[in-house]
Amino acid sequence: MSGEDRSFNGEDSQLAVYRIELESFQGPLDLLLHLIRKNELDIYDIPIAEITDQYLAYLDIMRDLDLDVASEFLVMASTLMYIKSRMLLPVDEEEEEEGEGEDPREELIRRLIEYKKYKKAAEELAQMPVLHHDIFVRPETDTGSQAGDVYTEATIFQLMDAFQKVLTEADKRTPVEITRETFTMEDGISLIETSLSGHPSMSFTGLFSGLDSRRKIITVFLSVLELIRRGRLIAVQAEYADPISLVLNGEPEKSADPHEEQEGEKEDDR
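Colleague: Summarise empty space enclosed by the protein; cite the residues concerned and give the values.
Modeller: In the structure shown here, the tally under the stated rule is 1 cavity of 30 Å³ or more. Looking at the largest cavity, its volume works out to about 30 Å³. Considering the residues around the largest cavity, the lining is formed by Leu32, Ile36, Ile46, Ile48, Ile51, Leu80, Leu108 and Leu112. Where the lining of the largest cavity is concerned, the elements lending two or more residues are α1 (28-38), α2 (48-64) and α5 (106-127). Taken together, the residues that form the lining of the largest cavity break down as 8 nonpolar, no polar and no charged.

Colleague: Outline the packing of aromatic side chains, listing residues and values.
Modeller: Enumeration according to the criterion identifies 5 aromatic pairs in this entry. Between the aromatic rings of Phe163 and Phe221, the centroid separation amounts to 4.1 Å while the plane-to-plane angle is 10°, which identifies the pairing as stacked. A residue pair is termed long-range when its members are at least 10 positions apart, and Phe163 in helix α6 (residues 156-172) and Phe221 in helix α9 (residues 214-230) qualify at 58 residues. For Phe221, a relative accessible area of 0% translates into the label buried.

Colleague: I'd like a description of the side chain of Thr155, backed by residues and values.
Modeller: Its location among the elements puts Thr155 in the loop between β2 (149-153) and α6. Owing to a relative accessible area of 17%, Thr155 belongs among the buried residues under this scheme. Contact partners of Thr155, with chain neighbours within four places excluded, come to Gln26 and His34.

Colleague: Outline the nonpolar core, supporting the account with residue identities and numerical values.
Modeller: Counting 60 residues, the largest nonpolar core has Tyr55, Met62 and Phe204 as its most contacted members. Leave out the neighbours within four places in its chain, and Tyr55 touches Pro28, Leu31, Leu32, Leu35, Glu72, Phe73, Met76, Ala77 and Leu80.

Colleague: Provide a residue-level description of the pairing of strand β5 (residues 245-248), including the pertinent values.
Modeller: Walk down a regular strand and you will see the side chains alternate between the two sheet faces. Direction of pairing for strand β3 (residues 202-203) relative to β5: antiparallel, over a ladder of 2 bridges. Paired with Met202 across the two strands is Leu246, which belongs to β5. Here strand β4 (residues 233-237) pairs with β5 via 4 bridges, running antiparallel. Among the inter-strand pairings, Val236 is bridged to a residue of β5, identified as Ser245.

Colleague: Describe in detail the pattern of salt bridges, supporting the description with residues and values.
Modeller: The final tally for this structure, using the stated rule, is 11 salt bridges. For Arg110, the salt bridge identified is with Glu114, shortest N-O distance 3.7 Å. Of this pair, Arg110 and Glu114 both sit in helix α5, 4 residues apart, which is roughly one turn of the helix. Take Arg110: its relative accessible area is 40%, and that puts it in the partly exposed class. For Glu114, a relative accessible area of 38% gives the class partly exposed. Between Glu226 and Arg229 there is a salt bridge, with its nearest N and O atoms 2.6 Å apart. One end of the pair is Glu226 and the other is Arg229, both in helix α9 and 3 residues apart, which spans about a single turn. What makes Glu226 buried here is its relative accessible area of 7%. A single salt-bridge network, built from bridges that share partners, covers Asp45, Asp103 and Arg105.

Calculation criteria
- Residues numbered from 1 in each chain as written.
- Predicted model: local features only at pLDDT ≥ 70, side-chain atom pairs only at ≥ 80, totals over all residues.
- Heavy atoms only, no water.
- 1 Å grid on protein atoms, 1.4 Å probe; cavity = no way out; pocket = protein on both sides within 12 Å on 5 of 7 lines; lining within 4 Å.
- Points joined across faces, edges and corners; volume = space filled by probe spheres on them.
- Helix = DSSP H or I, 4+ residues; strand = E, 2+ residues; numbered from the N terminus.
- Nonpolar A, V, L, I, M, F, W, Y, C, P; charged D, E, K, R; others polar.
- Phe/Tyr/Trp six-rings, centres within 6.5 Å; stacked < 30°, edge-to-face > 60°.
- Buried < 20%, exposed > 50% of the residue type's maximum accessible area, 1.4 Å probe, protein only.
- Contact = heavy atoms within 4.5 Å.
- Core = buried A, V, L, I, M, F, W, Y, C linked by side-chain atoms within 4.5 Å.
- Pairing = 2+ DSSP bridges.
- Salt bridge = Lys/Arg side-chain N within 4 Å of Asp/Glu carboxyl O.

Shown next as structure tokens:
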């Protein structure tokens, strides 16, 4: 995704009624590692200009979706722009000949390698108490998977990539004149639970088929993130770049509306 691929506009930036904290999912180093893996880059030789543009594009999407971008993401954005500016400065010829010129990316690369190492160790430790912890075996479904296939959880950034493709395809369709309507996150959650009712899983893209407006598509995506945050929904895939499927986890909640919960708390206080 390049800087030119930002396909959100001002109107849609006001669509999200509920704010979802992104830090509940993953942080800025996870996003950088995702971009490195997605673009098949050498972590020891990161093309900083390209990565910076793509990183900023993700932040734009987060803001347009009204995701609560943690301060750490903004600090990393500043760090990337600083490194990018230093990379544009001419290198002192004397230092270059002596091989003493410091690489502005050195500290960032060190942090990424260290984070990747500890993250892998943490994942291995988490799997030790329970066999196949965070690994999901899905039965045979109409999406073509076979019984016994092993699936792992997709990251928030992979979901954002998949969502961007869904939105791009939706924009290619012939516009349909429809009346303005209210479609809330509760409607989106209900749609997801109804679509998955009686099915072990559903493809991520299939969830959006039949939605007739950009507003609904964005709201349903936010509903997916909210259900994942609550542990009610799991996004899985066989390999890192494979299509994403959605699997319900547990029983529906009695009341998932945060506004209803807040009203209940106010009444209790009285």
